[in-house]
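# Tertiary structure, described
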Amino acid sequence: MAQENAAFSPGPEEPPRRRGRQRYVEKDGRCNVQQGNVRETYRYLTDLFTTLVDLQWRLSLLFFVLAYALTWLFFGAIWWLIAYGRGDLEHLEDTAWTPCVNNLNGFVAAFLFSIETETTIGYGHRVITDQCPEGIVLLLLQAILGSMVNAFMVGCMFVKISQPNKRAATLVFSSHAVVSLRDGRLCLMFRVGDLRSSHIVEASIRAKLIRSRQTLEGEFIPLHQTDLSVGFDTGDDRLFLVSPLVISHEIDAASPFWEASRRALERDDFEIVVILEGMVEATGMTCQARSSYLVDEVLWGHRFTSVLTLEDGFYEVDYASFHETFEVPTPSCSARELAEAAARLDAHLYWSIPSRLDEKVLLMLLEWGPYCGTTALSKDLEVISGGYDQLPHPGV
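Residues numbered from 1 in each chain as written. Predicted model: local features only at pLDDT ≥ 70, side-chain atom pairs only at ≥ 80, totals over all residues. Heavy atoms only, no water.

### Overview of the state of the cysteines
- Here the structure, examined in full by the defined rule, presents one disulfide.
- Between the sulfur of C100 and that of C132 lies a disulfide, 2.1 Å long from S to S. In this structure the cystine formed by C100 and C132 twists about its S-S bond by roughly -75 degrees; its chirality is therefore left-handed. Of this pair, C100 sits in the loop between α4 (57-86) and α5 (107-119) while C132 sits in the loop between α5 and α6 (133-161), and the two are 32 residues apart along the sequence. (Disulfide = S-S within 2.5 Å. Helix = DSSP H or I, 4+ residues; strand = E, 2+ residues; numbered from the N terminus.)

### Examining α5
- Counted at 1.5 Å a residue, the expected span for α5 with its 13 residues is 18 Å, and the 18 Å between its end C-alpha atoms agrees.
- Looking at the packing, one finds that the buried side of α5 touches α4 and α6.
- The first or second residue beyond α5 is T120, which carries a positive phi of 55 degrees. (Expected span 1.5 Å × (residues − 1). Contact = heavy atoms within 4.5 Å.)

### Here's the deal with the side chain of S261
- You can see S261 is positioned in the loop between β7 (245-250) and α7 (262-267).
- By relative accessible area, which is 18% here, S261 ends up buried.
- In this structure, S261 is in contact with W300, S332, C333 and S334, ignoring residues within four places of it in sequence. (Buried < 20%, exposed > 50% of the residue type's maximum accessible area, 1.4 Å probe, protein only.)

### Focus on a negative patch on the surface
- Together, E311, D312, E316, D318 and E324 line one region of the surface with negative charge.
- On the secondary structure map, D312 appears in the loop between β12 (308-310) and β13 (315-317). (Patch = residues over 30% accessible without salt bridge, like charges linked within 9 Å, V, L, I, M, F, W, Y side chains within 5 Å. Areas by Shrake-Rupley, 256 points an atom, 1.4 Å probe, with all protein chains shown as cover. Salt bridge = Lys/Arg side-chain N within 4 Å of Asp/Glu carboxyl O. Lys, Arg positive; Asp, Glu negative; His and termini not counted. Charge placed at Lys NZ, Arg CZ, Asp CG, Glu CD.)

### Some details on the packing of α4 against α6
- Close contact between α4 and α6 brings their axes to 11 Å; oriented N to C, the two are set at 175 degrees. If you check the angle between α4 and α6, you find them roughly antiparallel. (Axes fitted to C-alpha atoms, helices over the stretch in contact; angles between N-to-C directions. Parallel < 35°, antiparallel > 145°, perpendicular 65-115°, else oblique.)

### Structural notes on the pairing of strand β2 (residues 177-182)
- Burial runs high along β2: five of the six residues are buried.
- Examined bridge by bridge, β2 and strand β10 (residues 298-300) share three bridges and lie parallel to one another. Paired with V178 across the strands is L299, a residue of β10.
- Inspection of the sheet shows β2 paired to strand β3 (residues 185-194) by five bridges, in the antiparallel sense. Among the inter-strand pairings, V178 is bridged to a residue of β3, identified as M189.
- Taking the residues between adjacent antiparallel strands as the criterion, β2 and β3 are bridged by two residues, where D183 takes a positive phi near 55 degrees. (Pairing = 2+ DSSP bridges.)

### Comments concerning the pattern of salt bridges
- In this structure the tally under the stated criterion is 15 salt bridges.
- In this structure, R211 engages D268 in a salt bridge whose closest nitrogen and oxygen atoms are separated by 2.7 Å. One end of the pair, R211, is in strand β4 (residues 200-214); the other, D268, is in the loop between α7 and β8 (271-280), with 57 residues separating them in the sequence.
- Residue class for R211 comes out partly exposed when judged on its relative accessible area of 22%.
- The closest approach of N and O atoms between D237 and R238, which form a salt bridge, is 4.0 Å.
- Since its relative accessible area comes to 9%, D237 is described here as buried.
- Judged by its relative accessible area of 56%, R238 is exposed.
- Shared partners join several salt bridges into a network, and the residues in it are R23, K27 and E297.

Below you can see the structure in the form of structure tokens.
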């Protein structure tokens, strides 16, 4: 009997956990995937606006400066060529000569006039005359093109500055996921929280199981994605994230962990990716925060420490305990075995063949019955321990 009970309590010898798996999504939400051998690079230019927004800040600033500097230099060179072609540079001291641009005496002056024209500064020292039709046309072109450059580059910088990526930094996930009983069923749980007082509107949570699998035809899928239900059918995936919440995935018959016991889970190799989405209350822009859990970061038989306390007129969240867990009694068998054992216990009084009763199952359920939501048969403990022949049967 002691040997039977030892199967349901953590023993001193545990199988070594598999380590060293390459993360698909880092803990900070960064996807650990690089695009290689992309030959059709022209596709990035077809969406130049998004390409510039996605660039790193130092490259975005470089393009921002170059866009204006090259435009000023380009039109400055054209203004200088017009002045040179008309002979304005040869009649600088001739007061009777009407140049295209007054006081344009070289390339530097042409460059400064280009800046004044595009930025509409207008210092008044250099000004175009009405005797230069080609200059008038160039002035119109530079004004139009300058407005387009301003709209494009300022738009890129505005979108890049207002991106809600940094908002995701204040959305936190627990460092570990836990597996324990909740309402008599094994559940995989993790915790999410929001550090800001401005909330995420229409927040929703998703979870994906990433692991390799092989199809019946022999095809190997290295990063197969499987949905983990976190309450989509019941609406529990839509969150009111004012205080930290524990997100629960019930390990039922539809769960990929249905037949995974504690030891089997520790020997498995997978990654759980969790995705929190919602709109930033201050800006209305969509924000997404991501994190992941490897096998080593899933604690069997643990529960999260409460972080919410009631103070004088308000609730206080203690984020110092946000990642803390504590051990709780949890069966080490799989959810499938637990459900089958619970069904046997509920039905054993109606069986007429005592030999069908599994003593190992009964002993487990007598120990874990209060946690499984089944009827505890404490009054039959002595009868069951004495042997199968003394079990009560219908009609006796």
